[in-house]
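Descriptive structure summary
Given next are the chains, with one letter for each unit.
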Amino acid sequence: MLTEFRNEPVLDYSDPEDVRKFRAALDKVRAEAGQTLPLIIGGEKIYLDETFATVCPARPDEALAHFADGGVEHVDMAVAAAEEAFASWRLTPVGERARLLLRVAALMRDRRHELNALMSLEIGKAWSEADGETSEAIDFLEYYARQMLDLADRSDELTEWPGEQQTLNYIPLGVGAVIPPWNFPLAIGTGLLSATLVAGNTAVYKPAEQSPLLGWKVAEYFLECGLPAGVMNFVTGPGEVVGARMVEHPRTRFICFTGSRDVGVEIYEKAGRVLPGQPWLKRSILEMGGKDAVLVDETARLDQAAEGIVTSAFGYQGQKCSAGSRVIIVDDVYDELVPRILERAKSLRVGAPDEGPDVTVGPVIDPNQFDKVKSYLETGSDEGEVLLGGSPIETEEGGYFIQPTIFGEVPETARIAQEEIFGPVVALVRARDFEDALRIVNSTDYGLTGAVYSEDPGRLSRVRDDFHVGNLYINRKCTGAMVGVQPFGGFNMSGTDSKAGGPDYLTLFTQAKAIAQRL
Ligand code: NAI
Ligand code: MG
């Protein structure tokens, strides 16, 4: 019998002993840097001549590892290996699959400082945010292990029929394409992969090009914990080549993806076409972007609101699908709230996260993201007033740093108020009153997260009905959903509302088989 699920406690690195362990782990990760790592297909390690580097975004010349530049032929080999392994993995007792997840969780718990240190280097994540991500990965493993044990057999929920015995089993689908993003490579990589595998599916798993080393760790841990060859196949290479083939392969049974809206929509369309040799309708589980709003009305506790706004906007440099990148403030308190937001934002410390736990804002992930955010800084200076920041930061090592940036008096229809920027940039929008603010909140194509700061009970009940997002937060920040506590996933162009870390999630990775036997 397993204990009840509990969230993994998160370290904030206020304890000097934890700081020492982190620094030791950083040395270890650095000492291991520079390796060339293979594809893993059917348990075989395959090294390719063509490779690409994964680098530190604070110092792009610092290569952490080199990965095989895989192609379509490797995906085809991986799908074949996964299909072969499915024949036995699907019949592995669910308890055995669940125990495997628990072993991976234990390993991650043991190596949390190493994972956190690697996160600070490979994706530029601040220490406590990194530990938050490692804890989330552990939570997914612990949670889905328990959920699958519950889901496997739901016969006891069926209505009885005389003379027959009924069974309802949740069985796996087949080969899954597992495509996580770079912003939560450990948590989302682990979440997508563990859900896929614990349900009895096999996987072709492709980490994002910007974070293959964290992706590799996930694969390595599963194998170290005894996952049989071929059940998970690790393939690296360009998303447009490797990812695209995974989606379009006729023997792929389902796709689980988190990333950009454009790619999500493309996958949705491609997965809808039935290809020759494809005897099923593919299922797609897609989590896309957000343009998440924080609404503040005139009854709100303004210091509490300012705190939540700054944390939601600038945590991990705004590179979260849940980031609060629009703040809709009612006219009565706009002028009073803005200085409080600025005061807090000015105390953020920008730097290379490996420097120390007091760095709160690191670099953005890569040159593409750097250019994209810079171009929004230009757009924003035309569309609104620059209240803070507004420029990139030049460093000797050429890191991708952007000043935490706040634009004020932004029109609700401005591009910076409508489009996902994915950087440390927030747009403040003035609304006439609460009703106007609520209308503005619902005016984008997205619907992922949102927050409301108000002390008015009538309005708080109103937003429960009419603030149209998958994850609504009242009088708190709109980031940091916890596994099992706030199942996560959005509406409209934010995705398929799969609610990761929730009680329905694993039904997406299974199909139900109802069996009636005459007695
Ligand atoms: P992306 O959507 O291109 O990448 C996400 C994953 O999809 C990666 O593993 C990538 O290799 C893969 N991929 C790329 N093209 C593919 C294709 N044609 N078929 C199958 N898989 C494919 O995101 P990218 O380029 O890293 O970032 C661009 C923008 O996307 C960001 O500026 C941000 O706005 C958004 N984004 C949002 C995320 C979120 O959590 N909501 C996460 C990552 C990006
Ligand atoms: Mg892309």
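Heads up: the structure comes first, above all this text.
The shown structure was predicted, so the numbers you read here are calculated from the model rather than taken from an experiment.

Within the chain, the regular secondary structure consists of 15 helices and 23 strands. The C-alpha radius of gyration computed for the chain amounts to 23 Å, which stays within 12% of the reference 24 Å derived for 519 residues, consistent with globular compactness. Principal-axis analysis of the C-alpha atoms places the extent of the chain at approximately 70 × 60 × 50 Å. Buried residues in the chain amount to 58% of all 519 residues. Put simply, of all contacts in the chain between residues at least 6 apart along the chain, 76% involve residues at least 24 apart. With an accessible surface of roughly 20,600 Å², the chain has 49% of that area assigned to carbon and sulfur atoms. Here the chain contributes 50 positively and 79 negatively charged side chains, and the mean placements of these two sets differ by 4 Å.

As a further point, take the site of ligand 1. W182, K206, E209, S260 and K372 are the nearest of the 26 residues found near ligand 1. With respect to ligand 1, the side chain of Q369 contributes an N or O atom lying 3.0 Å from an oxygen atom. Burial of ligand 1 by the surrounding chains reaches 90%, relative to a free accessible area of 810 Å². Elements with a minimum of two residues in the shell around ligand 1: α8 (239-248), β10 (254-258), α9 (261-271) and α12 (367-383). The biggest single contributor to the shell around ligand 1 is α8, with four residues. Along the lines of polarity and charge, the residues of the shell around ligand 1 split into 11 nonpolar, nine polar and six charged.

Summarising the element assignment, R253 is placed in the loop between α8 and β10. No salt bridge is formed by the buried R253; its nearest oppositely charged neighbour, E83, is found at 9.7 Å.

Moving on, we come to α8. Along α8, the residues classified as buried are V242, G243, A244, M246 and V247. Where α8 is buried, its residues touch α2 (72-89), β7 (175-179), β8 (202-205), β10 and α9.

Before going further, it helps to examine α2. A rise of 1.5 Å per residue sets the reference length of α2, with its 18 residues, at 26 Å; its end C-alpha atoms lie 25 Å apart and thus fit the reference within 8%. Of all the positions in α2, only H74, V75, A78, V79, A81, A82, A85, F86 and W89 are classed as buried.

Another aspect to go through is the pattern of salt bridges. Considering all chains together, one arrives at 47 salt bridges under this definition. Across the pair K28 and E32 runs a salt bridge whose closest N-O atoms are separated by 3.3 Å. With a gap of four residues between them, K28 and E32 both fall in helix α1 (residues 16-32), about one helical turn apart. Residue classification places E32 among the partly exposed positions, given a relative accessible area of 33%. One salt bridge in this structure joins E224 and R111, with 2.7 Å as the shortest N-O distance. Of the two residues, E224 is situated in helix α7 (residues 212-224) and R111 in the loop between α3 (94-110) and α4 (112-122); the sequence distance between them amounts to 113 residues.

A few words on the packing of aromatic side chains. Taken as a whole and assessed by the stated rule, the structure comprises 15 aromatic pairs. Pairing F140 with Y144 gives two aromatic rings, centres 5.5 Å apart and planes at 20°, and the pair type is stacked. Here Y144 and F140 lie together in helix α5 (residues 127-151), a separation of four residues that amounts to about one turn. Site record: aromatic cluster; members linked through ring pairs are F5, F140, Y143, Y144, F254, Y505 and F509. The ring centre of Y316 lies 4.5 Å from the NZ or CZ of K125, which sits over that ring.

Time to look at the sheet that holds strand β20 (residues 449-453). Spatially, seven strands are ordered β14-β17-β18-β13-β12-β20-β21 in an open sheet, and the strand pairing comes out mixed. In the strand order of this sheet, the two ends are held by β14 (385-388) and β21 (471-474), each with one partner. Direction aside, the axes of adjacent strands within the sheet are offset by 20° on average. Lying on the sheet, α12 is in contact with β14, β17 (405-408) and β18 (425-431); it crosses β17 at an angle near 25°. Contacts from helix α14 (residues 434-441) reach β12 (292-296), β13 (324-330) and β18, with the element oriented near 160° to β13.

Moving on to the sheet that holds strand β1 (residues 35-37). Backbone hydrogen bonds hold the strands of a sheet together, and the pairing may be parallel or antiparallel. Here three strands make up an open sheet; going across it, the order is β1-β5-β4 and the pairing mixed. Lying at the two open borders of the sheet, with one neighbouring strand each, are β1 and β4 (51-56). Between one strand and the next, the sheet's axes are offset by a mean angle of 40°, whatever the strand orientation. On top of the sheet, α7 reaches β1, β4 and β5 (59-68); it is set at about 40° to β5, its chief contact.

All right, on to the side chain of T196 then. By the secondary structure assignment, T196 is in helix α6 (residues 187-198). A polar side-chain atom of T196 sits 2.8 Å from the main-chain carbonyl oxygen of L192. Those residues within four positions of T196 in sequence are excluded, and the remaining contacts are V178, N201, T202, A203, F254, C256 and F509.

Judged by nonpolar contacts, the single largest core of 86 residues is most densely connected at M108, Y144, L193, L197 and F222. By residue number, the principal contributor to this core is α5, which donates 11 residues. Among residues more than four places away in sequence, those in contact with L193 are V178, A203, Y205, V218, F222 and M232.

Our next topic: the packing of α14 against helix α15 (residues 457-466). At a closest axis distance of 12 Å, the pairing of α14 and α15 adopts a crossing angle of 20°. Taken together, the axis directions place α14 and α15 in an arrangement best described as roughly parallel. The handedness of the crossing between α14 and α15 comes out as right-handed. Judged by residue contacts, F434, E435 and L438 of α14 engage R459, R462, V463 and D466 from α15. Each residue belonging to the contact of α14 with α15 can be placed in one class, and the counts come to three nonpolar, no polar and four charged.

About the criteria used
Within every chain, residues take consecutive numbers counted from 1 along the sequence as written. For naming, the first written chain is A and the first written ligand is 1, with later ones following in the order written. Reporting in this predicted model follows two pLDDT cut-offs: at least 70 for local features of residues, and 80 or more for side-chain atom pairs to be given and counted; totals over whole chains, interfaces and linings ignore these cut-offs and use all residues. For the side-chain quantities, the full set of heavy atoms in the structure was used; hydrogens and water were omitted. Strands are runs of DSSP state E lasting at least 2 residues, helices are runs of H or I lasting at least 4, and numbering of each runs from the N terminus. Our radius of gyration looks at C-alpha atoms and nothing else; its globule reference is 2.2 Å times the residue count to the power 0.38. Accessibility here uses a 1.4 Å probe with only protein chains present; expressed as a share of the type maximum, an area under 20% marks a residue as buried, one over 50% as exposed, and anything in between as partly exposed. The contact criterion used is simple: two residues touch if any of their non-hydrogen atoms lie within 4.5 Å. A 1.4 Å probe and the Shrake-Rupley method give the accessible areas. Residues count as covered only by the protein chains that appear here. When charges are tallied, Lys and Arg are placed among the positive residues and Asp and Glu among the negative ones, while His and the ends of the chain are skipped. Throughout, a charge is located at the NZ atom of Lys, the CZ atom of Arg, the CG atom of Asp or the CD atom of Glu. Throughout, near means a residue has at least one heavy atom within 4 Å of the molecule or strand. Throughout this description, a polar contact denotes any pair of N or O atoms lying within 3.5 Å of each other; where both atoms belong to protein, one of them has to be capable of donating a hydrogen while the other can accept it, and for residues adjacent in sequence the pair is counted only when both atoms sit in side chains. Each residue is assigned to one of three groups, with Ala, Val, Leu, Ile, Met, Phe, Trp, Tyr, Cys and Pro labelled nonpolar, Asp, Glu, Lys and Arg labelled charged, and all others, Gly among them, labelled polar. A side-chain nitrogen of Lys or Arg and a carboxyl oxygen of Asp or Glu constitute a salt bridge if their distance falls within 4 Å. Take the residue count of a helix, subtract one, and multiply by 1.5 Å to get its expected span. In this scheme Phe, Tyr and Trp rings, the latter by its six-membered ring, pair at centre separations within 6.5 Å, and the angle between planes marks the pair as stacked below 30 degrees, edge-to-face above 60, and tilted otherwise. Whether a charge lies above a ring is judged from NZ of Lys or CZ of Arg, which has to be within 6 Å of the ring centre and within 35 degrees of the ring normal. Only strands joined by at least two bridges in the DSSP assignment are considered to pair. Every axis in this analysis is a line fitted to C-alpha atoms, fitted for helices over the stretch in contact. Angles between the N-to-C directions lie between 0 and 180 degrees. Residues enter a nonpolar core if they are buried and are Ala, Val, Leu, Ile, Met, Phe, Trp, Tyr or Cys, with the set joined through side-chain atoms within 4.5 Å. Geometric relationships in this document are graded by angle, where less than 35 degrees denotes roughly parallel, more than 145 denotes roughly antiparallel, 65 to 115 denotes roughly perpendicular, and other angles denote oblique. Should the near helix be turned anticlockwise from the far one by less than a right angle, the crossing is left-handed, and should it be turned clockwise, the crossing is right-handed.

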